[in-house]
Amino acid sequence: MKKSLLLLLFVANIAFGQKGIQFSASPIANVFQDARRTGKPVFVEIYSPTCHTCQSFIPTLADSRVGAFYNSKFISTKLDINQPSTRAFLDSRRLFVPSLPLFLYFDPQQNLIHFAMSNNSTDEVIRHGTNALNPKARSQTMKSRYQQGERSANFLIDYAMYSRVTKDTLANIAAMNEYAKQQPTASYANQTNWLALQKLVLDYENPMFQYMMGHMDTYRKAYGAKEAQDVAENILMSSLFSGRGAKYPIDKIMQIRQGLVKIGIDPKVAANRTLLPEVNAYFKAGQTAKAVERMDNQVNSNKLTVPEYIYIARLFNRFSPDSKDVPTVTKWINQGLAANPSAKEQAELRAELAAANRRAK
C-alpha cells in the first residue's frame, strides 16, 4: 500500500511538472540550434539549487498557464550558476548576474533581448515573457529609449539594472545620476533608495551616495551598522577598481581612501587598498618622486615577502615615467635578495636589478 502511494505521488509529480515550462536538458549550444531551427526565442533561467528564492519559483514555473505560454512561444532551459559551462556562457555574452533567479531572453542568434528579476507569481512570469516578445517593450530597446528622452523613475531603475546585467557601467552611472537628481534629498535614505544603493549604484560620485557618506549615522540606525558599511565599502571599491577608476587622478583616489576610513575601515587597511591606484596615478602625472615616496613608506611600514619585492621592482621598472626611482628600486631589490629567496626568486630579482641599471644609463 505504501509503495503504491509513493508511486502515485511520483506519477502525479511528473504529470504536474509536464504542465509547466518544459526545460530542455540539452547543452546550451544545442538549445540555440533548436531555436534557429524553430525560429523561437530562448528563455533561460539562471538559478542555483541552493538558492531558496529559486526553489520557491518551482511551483510557479510548473503552473499550467505559465507552461502553456512559454512552451508555445520559447525554447526554454535552466542553467546552474555554479557550473563552469554556465559561467562560460555568461562570460561569452558579457553578462553579469546581480541576483538569483535571473530570467534572460535571447533571440536565436544568442543576442540578449530582455531580462527580468521577477516577482514570484504566474502573472508576472507571463508578463515578462510577453514583454520579451514585444519589440517596443523588451529591455533591448532601453538604451535607445533613454537616448530619446525617456526618464520616468521606474524606467531609470530598470535601465540601470539592465546596464548592470549587460556590464554597461557608463549607462548605469548615467541612469542612476539622472534618477538621483529626480529624488527629493529628504527621500535619499528611504527603503526604495536604500535598495538602489545596494543593487544599482556603482559610482561614489552619485548624489545619493554622497548624501550617504555625509549621513552614515542615519543609515546605520535605519539599516544596521554592518549593512551600511558593506554597501558604502562596495560602492567605494567598485569605483576605485573600475575602468574609469584606472583613470582617476590622485585627488579622487585620496577621496576614496578617506571615504573608506570614514565608514570605519582601519586607516592602514584603507592605505593598503589604494596603494597601487595611488602609485599608478603618480606615474600618469609624471610625479616619480611621489610614487617612490608612497611605495617606500609602504615598504618601511610592512614586512614584505620576496614575491612582493619582485612585484614592486617590476612595477617601477615597467611603468615609472623616468629613472629617478632607480636608487630606491635598487634598495628594494637588495632587501628582497637579503630575505632568503628561492633560486627562481633570486634570478627574478637579479633580472629586475639589471633592468633598473639599464634604465639608469
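Quick summary incoming for the structure in this document. Position numbers for residues start from 1 in each chain and track the written sequence from start to end. Totals for whole chains, interfaces and linings use all residues, but because this is a predicted model, local features are given only for residues with pLDDT of at least 70 and pairs of side-chain atoms are given and counted only at 80 or more. With hydrogens and water stripped out, all remaining heavy atoms of the structure feed into the side-chain values.

### So, the pairing of strand β2 (residues 42-47)
Right, so step 1: Of all 6 residues in β2, 6 are buried; the element is thus mostly enclosed.
Right, so step 2: With a 1.4 Å probe rolled over the protein chains alone, any residue whose accessible area is under 20% of its type maximum counts as buried; one over 50% counts as exposed, and the rest are partly exposed. Going along the chain from the N terminus, every DSSP run of H or I of four or more residues is numbered as a helix, and every run of E of two or more is numbered as a strand. Alternating positions in β2 separate into two faces, V42, V44 and I46 on one and F43, E45 and Y47 on the other, with burial throughout.
Right, so step 3: In this analysis, strands are considered paired if DSSP registers two or more bridges between them. As paired elements, β2 and strand β4 (residues 102-106) share 5 bridges and run antiparallel to each other. Considered in β4, the bridge of V44 is made with L104.

### Here we look at the sheet that holds strand β5 (residues 112-116)
In any sheet, the strands associate via hydrogen bonds between backbone groups, in a parallel or an antiparallel arrangement.
Right, so step 1: Strand order in the open sheet made by the 5 strands is β1-β3-β2-β4-β5, with mixed pairing throughout. Across the chains shown, the open sheet's two edge strands, defined by having one partner strand only, are β1 (23-24) and β5.
Right, so step 2: Looking at chain direction, β1 and strand β3 (residues 75-80) are connected through 2 bridges and run parallel. In the strand pairing of β3, S24 is matched with T77.

### Regarding the packing of helix α11 (residues 191-199) against helix α14 (residues 225-240)
Helix-helix packing is characterised by the crossing angle of the two axes and by the distance between the axes.
Right, so step 1: Between N-to-C directions, angles span 0 to 180 degrees; the directions come from axes that are lines fitted to C-alpha atoms, helices contributing only their stretch in contact. It is at 9 Å that the axes of α11 and α14 come closest, and there the two elements cross at 50°. The angle between α11 and α14 falls in the class oblique. Here α11 contributes W194, L197 and Q198 to the contact with α14, which in turn contributes E227, A228, V231 and I235.
Right, so step 2: Charged residues are taken to be Asp, Glu, Lys and Arg, nonpolar residues to be Ala, Val, Leu, Ile, Met, Phe, Trp, Tyr, Cys and Pro, and polar residues to be all remaining types, Gly included. Here the residues of the contact of α11 with α14 sort into 5 nonpolar, 1 polar and 1 charged. Angular relationships are summarised with four words: roughly parallel below 35 degrees, roughly antiparallel beyond 145, roughly perpendicular across 65 to 115, and oblique for the angles in between. Contact definition: two residues touch when any of their heavy atoms are within 4.5 Å.

### Observations concerning the packing of aromatic side chains
Right, so step 1: For this analysis, a ring pair means two rings from Phe, Tyr or Trp (six-membered ring only for Trp) whose centres lie within 6.5 Å, classed as stacked if their planes differ by under 30 degrees, edge-to-face if by over 60, and tilted for the remaining angles. The final tally for this structure, using the stated rule, is 24 aromatic pairs.
Right, so step 2: With centroids separated by 4.4 Å and ring planes inclined at 5°, the aromatic side chains of W194 and Y223 adopt a geometry described as stacked. Placement of W194 in helix α11 and of Y223 in helix α13 (residues 216-223) is noted, with a sequence separation of 29 residues between them. Here W194 matches Y223 in class, with each residue buried.
Right, so step 3: Geometrically, the ring pair formed by F316 and W332 is edge-to-face, given 5.1 Å between the ring centres and 70° between the ring planes. Taken together, the residues F316 in helix α18 (residues 306-319) and W332 in helix α19 (residues 326-337) connect sequence positions 16 residues apart. For the residue pair F316 and W332, the accessibility class agrees, reading buried in each case.
Right, so step 4: Aromatic rings pair up to connect F23, F43, F57, F69, Y70, F74, F103 and Y105 into one cluster.
Right, so step 5: For a Lys NZ or an Arg CZ to count as sitting over a ring, it must be within 6 Å of the ring centre and within 35 degrees of the ring normal. Over the face of the ring belonging to F23 we find K78, whose NZ or CZ atom lies 4.9 Å from the ring centre.
Right, so step 6: Here the guanidinium or amino end of R151 rests over the ring plane of Y146, the centre of that ring lying 3.7 Å away.

### Here's the deal with the packing of α14 against helix α16 (residues 267-284)
Right, so step 1: Between α14 and α16, the shortest axis-to-axis distance is 11 Å and the interhelical angle comes to 20°. Taken together, the axes of α14 and α16 are roughly parallel relative to one another. Our pair here, α14 against α16, has a crossing hand that is left-handed. Here α14 contributes E233, M237 and L240 to the contact with α16, which in turn contributes R273, T274 and P277.
Right, so step 2: Tallied by class, the residues present in the contact of α14 with α16 amount to 3 nonpolar, 1 polar and 2 charged. A crossing counts as left-handed when the near helix is turned anticlockwise from the far one by less than a right angle, and as right-handed when that turn is clockwise.

### Details of the pairing of β5
Right, so step 1: With 5 of 5 residues buried, β5 is to be regarded as a mostly interior element.
Right, so step 2: Bridge count between β4 and β5: 4 bridges; the pairing is antiparallel. The residue of β5 that forms the bridge with F106 is L112.
Right, so step 3: Hairpin connection of β4 to β5: 5 residues between the antiparallel strands, including Q110 at a positive phi of 75°.

### With respect to α13
Right, so step 1: Regarding α13, the residues found buried are M216, Y219 and Y223. Buried residues along α13 cover an arc of 65° about the axis, so they all sit on one side. What points out from α13, more than 90 degrees from its buried face, is the exposed set D217 and K221.
Right, so step 2: Check the buried side of α13 and you find it contacts α11, α12 (207-214) and α14.
Right, so step 3: Positive backbone phi, at 105°, marks G224, one or two positions downstream of α13. Starting at the helix axis, one direction is taken to each C-beta atom, and the arc is that of these directions.

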